[in-house]
Amino acid sequence: MEQRRSPRSGPPGPDTPPESPGPDLGRRRFLGYLVAAPTLAAAAHLGGSLAAPREAGAVIPSLPEVQEVFDLNDLLTLATKPTANLIAVVLNPDGTASFDMPRAESGQGVTTMAAMLIAEELELPLDKINVTLADARPELMFNQFTAGSNTTISMYNPIRVAAAIAREQLLKAAAIQLGDTVTALTPHLGFIEAADGRRISYGDLAELAAAQKTEQVEVRIKERSEFKIIGTPQNRIDALDAVTGRKKFAMDLDVPDALPTMICRPPTIKGTPASVANLDAVRRLPGVTDVVPIATGVAVRAKTFGQCIDAVNALDVAWNPGTVDGESDDTVLARLKKAEIPLTVPALKPLTGVVEGEFTFYWRNNAALEPNTAVADVRADRAEIWAPLQSPILCQEQVAAQLGLPLNAVTVHVVQAGGAFGRRMFNDVVLEATEASKKMGKPVKLMWHRTDECRQGRMHPMCTSRIRATYSGGNVLTFEQRHTSVATDYTQGFGEIITALGAKIPPLGQGNELGFSVPVFHLTVNVPYNFGAVTQLLNEVYTYDTFPTSSVRNLVNPDVRTAQELIVDQLAAKMGKDPYTFRRQFVDDDRVRAVLDKAAEVGEWGREMEPGTAQAITVHKEYKGATATLVEIDCRPETVNRKIRNAVTGPRVTKAVMAVDTGLPINPRGLEAQMQGGIMDGIAQALTSSLHLRDGTLLEGSWDDYFYTRHWNAPLETKIIVMPPTTGEPGGAGEFGVPSAMAAVACAYARATGTIPTSFPINHGTLSFKPKATVPPLPPSPTNGLEFAY
Amino acid sequence: MPTHTFKVNGKQVTVDIEDDVRLLWVLRDVLGINGPKYGCGINVCKACTCHINGKAFNPCSVRVADVEPDDEITTIEGLPGTVGADLHPMQEAWLERDVAQCGYCQPGQIMAAVAKVRQARAAGREIGDADIDEIRNICRCGTYARIREAIKDGAKKM
Ligand code: FES
Ligand code: FES
């Protein structure tokens, strides 16, 4: 059974493309362009003409659940329809090919994926393909937005079409050079080879094959059976740079005169500076060049970041209150509970059993290891920006608006990110850098301190999920879920300022909730089981900008699915079934059942476990794919209470096994890595990682109190099984691993301890650290580092 | 302005900077050695991990004045040089296992791993899971599973 029943323009089948980069001229034939350029350049529409037929069929049915037939990725892909724009593969005289990718690379491996797609069609070795990140290209409109694990899905065909056109053009040029016919020639590893052994390199052909005028051409791309690279495990193309320290992040760029800059920030969320008592004194501190108040705080520019930190802490600032000074975890929780949409099926019906649960999920920081960074060089008539950005077009528009400059006077360079997890959809750090650079009249290299990230950064909104399920006679009759959340800020829209404004349509916040939050909820959630009458509803409290929120490696599903799977385990228990066989019986999709079986088999489901330890198994479907996760957890006192300095230990996930079906794994090795990362997030979110809100301040201030998974929390054994291709269409990966992993950890904890956890992470109720001061805002830099040398 | 002299990656360097500037900023902002990364500035994330005289330490938490003239600082850039090769065996293992995702933590992870292997050996044993559990370096992309494998591989070739 096919999981997605999305409307398609062609007949469904293993080779039906997820989208057409040009009019699909029958099986595997597409239109693209040869572009007039000094060397060979071939291009394809990025999502351009996907097409009227598909849109006409893209009715959102009410049954079955929306997400099953038309998910967020369809929406992200459809959103690209009106923009017929090109991405190009360029051949260089040195025999390499270049591709400037309009997406962010934050560790998900999309540059490697792009290089593989090019290598496949161009018959060029992977190490001869350079993938760079494109500057903001406003003409791409929606199409330069990295989110929803959509990159692979939307780029899969366009990149291949461009590369295939380049290959055909090389063949034609080589035929002339070799005095042979195109059909007698073979492209192979960067050469066009003739039957008699003569050959000519791509480098030698790069200029000869260049097009004189831009023209539309037709090309055939490979069938799946012809793939040599796609589907094979490949290492990342940037791995060598990463392990040698050569990989450049924004703060590593050498932009002339862009000196380190940091911001003194308020003690409560979104406070603003009222006045500064000692500006001049701080300006005279060692290394300091500039100190200027900006909208969000006071910016300090100095010779080194160390001197910025000292100057920030020396500032004597009077602060205006923030947006939530009266709010704490318990006031927010009370508001959430009040706003919950009632469940409708009566709790007590004759002859039916009921399982109910209510779960609370606390705030979580995006917490990329590389903090927010941006380099800005603002001049009177232009501005240049370098930053890791998921929405560069929106960024360019915002900077232009802020400075009152025309769009083309602003250049935005996208730099590789040290993680993103949703955070880099928001351009606040760039706007701060722009303001500081303008006011100082100098270039700045702005970085947030880690403590700023925790306290003034963005976070996954606190939420509750309430579920009631009823069963009778071996069947589950109803399954109701009511998700209530602090509003998620979707004002980054789909990366483009018009939709971003759409999220701000008055009354304040309603545009955001009705325009984005509710649709996104319905486009992403589902209950992957045949549970009779299923309803899932979302309600949001506060306005989108009351709290600084965002998605954090997946939107709502880690929480939504964790709540569900905890109830599923209880249903199984009440109905006298083993958790695995129960799921097996009720899952509503063959692909889900297949990954479930695989995880159970490889993870040795049902093996005997010591008291205080347990297994659990869960599933998830999203991003046009399916996952199942089996974990084993150790909750014995000697494990839970093990002591590590400045750390939480707690229960340990000792083993994690995940089976994943993405339809068509382009790079199984990269996919495995993403799933491994997803497991670490699932562990953190279930067990250790949250922010505490008290009187408008987040108590966490660094990694010694915001407890993301550490080596000592990581499973000793992690195994990912990448399923062979099923649908033939690539799915998403970046966020995909988290929901079933988080759910499995929660379920295993419940089974090991006999106590069903009701709030997450499970350690949130105990504050296991002493909060750092908020004034001065940054923790002092230690001096005793040598004492810990080993 | 005070002058500080020490050795970085085999080269003698002299910098003019205030005594209390932490070594991380001297490396990055003054000397332009960008392999050590900032992730917290308070010795908890370990993204800045380097070696001093062969031992792992965190330059975000050491004043430049506390580095002695004969101290040898090694950053990820200088690690291959310590074995006279293009890559240190630990870096090779990292490539072999395709460990890095965003890569931001990885220079620090590799420097920590090398020191941890040496520390275990000095204690008379090969590195094992319990030693790896002691490594404090955060990887927010969650590459811990491959790091664990790569450290064991790399140790064998060290
Ligand atoms: S920056 Fe040095 S330990 Fe985090
Ligand atoms: S690879 Fe991204 S933080 Fe480790």
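Small disclaimer: the values here were computed from a predicted structure and weren't measured.

Definitions and limits used
- Residues numbered from 1 in each chain as written.
- Chains lettered and ligands numbered in written order.
- Predicted model: local features only at pLDDT ≥ 70, side-chain atom pairs only at ≥ 80, totals over all residues.
- Heavy atoms only, no water.
- Helix = DSSP H or I, 4+ residues; strand = E, 2+ residues; numbered from the N terminus.
- Rg over C-alpha atoms; globule rule 2.2 N^0.38 Å.
- Contact = heavy atoms within 4.5 Å.
- Areas by Shrake-Rupley, 256 points an atom, 1.4 Å probe, with all protein chains shown as cover.
- Lys, Arg positive; Asp, Glu negative; His and termini not counted.
- Charge placed at Lys NZ, Arg CZ, Asp CG, Glu CD.
- Pairing = 2+ DSSP bridges.
- Axes fitted to C-alpha atoms, helices over the stretch in contact; angles between N-to-C directions.
- Buried area = accessible area lost by both parts, 1.4 Å probe.
- Salt bridge = Lys/Arg side-chain N within 4 Å of Asp/Glu carboxyl O.
- Polar contact = N/O pair within 3.5 Å; in protein donor to acceptor, adjacent residues only side chain to side chain.
- Nonpolar A, V, L, I, M, F, W, Y, C, P; charged D, E, K, R; others polar.
- Buried < 20%, exposed > 50% of the residue type's maximum accessible area, 1.4 Å probe, protein only.
- Domains from an automatic or database assignment.
- Core = buried A, V, L, I, M, F, W, Y, C linked by side-chain atoms within 4.5 Å.
- pLDDT = per-residue confidence, 0-100.
- Phe/Tyr/Trp six-rings, centres within 6.5 Å; stacked < 30°, edge-to-face > 60°.
- Expected span 1.5 Å × (residues − 1).

1. Quick word on the overall build of chain B
Turning to step 1, where the next piece is worked out: Summing up its helical and strand segments, chain B has six helices and five strands in all.
Turning to step 2, where the next piece is worked out: For chain B, the succession of helices and strands along the chain, N to C, is β-β-α-β-β-β-α-α-α-α-α.
Turning to step 3, where the next piece is worked out: A compact globule built from 158 residues should have a C-alpha radius of gyration of about 15 Å, and chain B, at 15 Å, falls within 12% of that.
Turning to step 4, where the next piece is worked out: The C-alpha extent of chain B, read off along each of the three principal axes, is 45 × 30 × 30 Å.
Turning to step 5, where the next piece is worked out: In chain B, of all internal contacts separated by at least 6 residues, the share reaching a separation of at least 24 is 55%.
Turning to step 6, where the next piece is worked out: Carbon and sulfur atoms provide 45% of the accessible area of chain B, an area that totals close to 5100 Å².
Turning to step 7, where the next piece is worked out: Charge-centre separation for chain B: the mean point of 20 positive side chains lies 6 Å from the mean point of 22 negative side chains.

2. Considerations on the sheet that holds strand β17 (residues 373-378) of chain A
All names here are of chain A.
Turning to step 1, where the next piece is worked out: With mixed pairing, seven strands are arranged side by side in an open sheet as β12-β13-β10-β20-β17-β18-β19. Both edges of this open sheet fall to β12 (288-294) and β19 (410-414), since each of them pairs with a single strand only. Each strand axis lies, on average, 20° off the axis of its neighbour in the sheet, ignoring direction.
Turning to step 2, where the next piece is worked out: The sheet contact formed by strand β18 (residues 383-387) and β19 spans five bridges and is parallel. Within the sheet, the bridge partner assigned to E384 lies in β19 and is T411.
Turning to step 3, where the next piece is worked out: Across the face of the sheet, helix α9 (residues 305-314) comes into contact with β10 (259-264), β12, β13 (297-302) and β20 (444-447) while running at roughly 25° to β10.

3. So, the interface of chain B and chain A
Turning to step 1, where the next piece is worked out: Contacts between chain B and chain A engage 70 residues on the former and 77 residues on the latter.
Turning to step 2, where the next piece is worked out: Both faces combined, the contact of chain B with chain A buries some 6000 Å², and carbon together with sulfur accounts for 58% of it.
Turning to step 3, where the next piece is worked out: In this structure, the connection of chain B to chain A is made through five salt bridges.
Turning to step 4, where the next piece is worked out: Where R652 of chain A meets D133 of chain B, a salt bridge forms, and the shortest distance between an N and an O atom there is 2.5 Å.
Turning to step 5, where the next piece is worked out: At the junction of chain B with chain A, the criterion picks out 37 residue pairs in polar contact (both at pLDDT 80 or more).
Turning to step 6, where the next piece is worked out: At the level of secondary structure, the elements contributing two or more residues to the side of chain B that touches chain A comprise α1 (23-30), β4 (55-57), α3 (89-96), α4 (106-122), α5 (129-133) and α6 (144-156) of chain B.
Turning to step 7, where the next piece is worked out: Considering every element that reaches the side of chain B that touches chain A, the biggest residue donor is α4 of chain B, with eight residues.
Turning to step 8, where the next piece is worked out: Across the side of chain B that touches chain A, the residue classes tally to 35 nonpolar, 14 polar and 21 charged.

4. Focus: the pairing of β20 of chain A
All names here are of chain A.
Turning to step 1, where the next piece is worked out: Burial of the side chains of β20 extends over both faces: V444 and L446 are buried on one face and K445 and M447 on the other.
Turning to step 2, where the next piece is worked out: Pairing of β10 with β20 involves three bridges; the strand directions are parallel. Each bridged residue has a counterpart across the sheet, and for L259 the counterpart in β20 is V444.
Turning to step 3, where the next piece is worked out: Relative to β20, β17 runs antiparallel, the two being bridged by four bridges. By the bridge assignment for β20, A374 is matched with L446.

5. As for the domain arrangement of chain B
Residue and element names in this part refer to chain B.
Turning to step 1, where the next piece is worked out: Domain assignment breaks chain B into domain 1 (3-78) and domain 2 (80-157).
Turning to step 2, where the next piece is worked out: The partner domain 2 presents 16 residues to the 17 residues of domain 1 that form the contact.
Turning to step 3, where the next piece is worked out: A buried area of about 1300 Å², summed over both sides, lies between domain 1 and domain 2, and 63% of it is on carbon and sulfur atoms.
Turning to step 4, where the next piece is worked out: Counting the surface domain 1 buries against domain 2, the share from its top three residues, K46, H51 and I76, is 37%.

6. What to know about the pairing of strand β26 (residues 625-634) of chain A
All names here are of chain A.
Turning to step 1, where the next piece is worked out: Within β26, 10 of the 10 residues are buried, which leaves the element mostly enclosed by the surrounding structure.
Turning to step 2, where the next piece is worked out: Alternating residues of β26 divide into G625, T627, T629, V631 and I633 and A626, A628, L630, E632 and D634, and every residue in both groups is buried.
Turning to step 3, where the next piece is worked out: Pairing between strand β25 (residues 613-622) and β26: 10 bridges, direction antiparallel. Opposite K621, over in β26, you have A626 as the bridge partner.
Turning to step 4, where the next piece is worked out: The hairpin turn running from β25 into β26, its antiparallel successor, is two residues long, and Y623 in that turn takes a positive phi close to 50°.
Turning to step 5, where the next piece is worked out: As paired elements, β26 and strand β27 (residues 652-661) share nine bridges and run antiparallel to each other.

7. With respect to the sheet that holds strand β31 (residues 759-760) of chain A
All names here are of chain A.
Turning to step 1, where the next piece is worked out: With mixed pairing, the five strands of this open sheet are ordered in space as β24-β23-β22-β15-β31. Bordering the open sheet on either side are β24 (533-541) and β31, each of which pairs with just one other strand.
Turning to step 2, where the next piece is worked out: Taken together, the 10 bridges between strand β22 (residues 463-472) and strand β23 (residues 475-486) define a ladder with antiparallel strand orientation. Looking at β23, one finds that C463 is bridged to S485.

8. Observations concerning the nonpolar core
Turning to step 1, where the next piece is worked out: Residues F531, L571 and W703 of chain A together with F6 of chain B are the most contacted members of the largest nonpolar core, which totals 158 residues.
Turning to step 2, where the next piece is worked out: Those residues in contact with F531 of chain A that sit more than four places away from it in its chain are V476, L477, T478, F479, V568, L571, F582 and F586 of chain A.
Turning to step 3, where the next piece is worked out: Among the nonpolar cores identified, the runner-up in size contains 59 residues, and A97, M101, A119 and I221 of chain A belong to it.

9. A closer look at the confidence of the model for chain A
It should be kept in mind that the predicted coordinates are not to be read in detail where pLDDT is low.
Turning to step 1, where the next piece is worked out: Summary statistics for chain A give a mean pLDDT of 89 and a share of 88% for residues scoring 70 or more.
Turning to step 2, where the next piece is worked out: Considering only residues more than four positions removed or in separate chains, one finds that residues 1-20 of chain A, a stretch of pLDDT under 50, has 69 contacts.

10. Brief notes about the packing of aromatic side chains
Turning to step 1, where the next piece is worked out: In total, this model carries 13 aromatic pairs over all chains according to the counting rule given.
Turning to step 2, where the next piece is worked out: For the pair F305 of chain A and W25 of chain B, a centre-to-centre distance of 5.5 Å together with 55° between the ring planes defines the contact as tilted. Note that F305 of chain A is positioned in helix α9 and W25 of chain B in helix α1, a pairing that runs across two chains.
Turning to step 3, where the next piece is worked out: You can call W25 of chain B buried: its relative accessible area is 2%.
Turning to step 4, where the next piece is worked out: Judged by centre distance (5.1 Å) and plane angle (90°), the ring pair of Y542 of chain A and F547 of chain A falls under edge-to-face. This pair shows no difference in class: Y542 of chain A is buried, exactly as F547 of chain A is.
Turning to step 5, where the next piece is worked out: A connected cluster of aromatic rings, assembled from ring pairs, spans F479, Y529, F531, F582 and F586 of chain A.

11. Some points on the environment of F707 of chain A
Residue and element names in this part refer to chain A.
Turning to step 1, where the next piece is worked out: Tracing the backbone shows F707 in the loop between β29 (697-698) and β30 (717-722).
Turning to step 2, where the next piece is worked out: Classification of F707 by relative accessible area gives buried; the value is 6%.
Turning to step 3, where the next piece is worked out: Taking C-alpha positions, F707 is 9.9 Å from N646, a pair spaced 61 residues apart along the chain.
Turning to step 4, where the next piece is worked out: In this structure F707 touches A647, V648, T688, S689, N763, S768 and F769, once residues within four positions along its chain are discounted.

12. Observations concerning unusual backbone geometry
What you tend to see is this: most non-glycine residues have negative phi, and most peptide bonds are trans.
All names here are of chain A.
Turning to step 1, where the next piece is worked out: Between F760 and P761 the backbone carries a cis peptide bond, its omega angle lying at -5°.
Turning to step 2, where the next piece is worked out: Locating P761 in the fold gives a position in the segment after β31.
Turning to step 3, where the next piece is worked out: The omega angle of the peptide bond from V775 to P776 is -10°, so this bond is cis rather than trans.
Turning to step 4, where the next piece is worked out: Within the fold, P776 resides in the segment after β31.
Turning to step 5, where the next piece is worked out: With phi around 60°, K270 is a residue other than glycine that occupies positive phi space.
Turning to step 6, where the next piece is worked out: When you line up the elements, K270 lands in the loop between β10 and β11 (272-276).

13. Considering helix α12 (residues 428-440) of chain A
Residue and element names in this part refer to chain A.
Turning to step 1, where the next piece is worked out: Between its first and last C-alpha, α12 extends 18 Å over 13 residues, near the 18 Å set by a 1.5 Å rise per residue.
Turning to step 2, where the next piece is worked out: For α12, the full list of buried residues reads V429, V430, E432, A433, T434, E435, A436, S437 and M440.
Turning to step 3, where the next piece is worked out: Two residues or fewer after α12 comes G441, characterised by a positive phi angle close to 70°.

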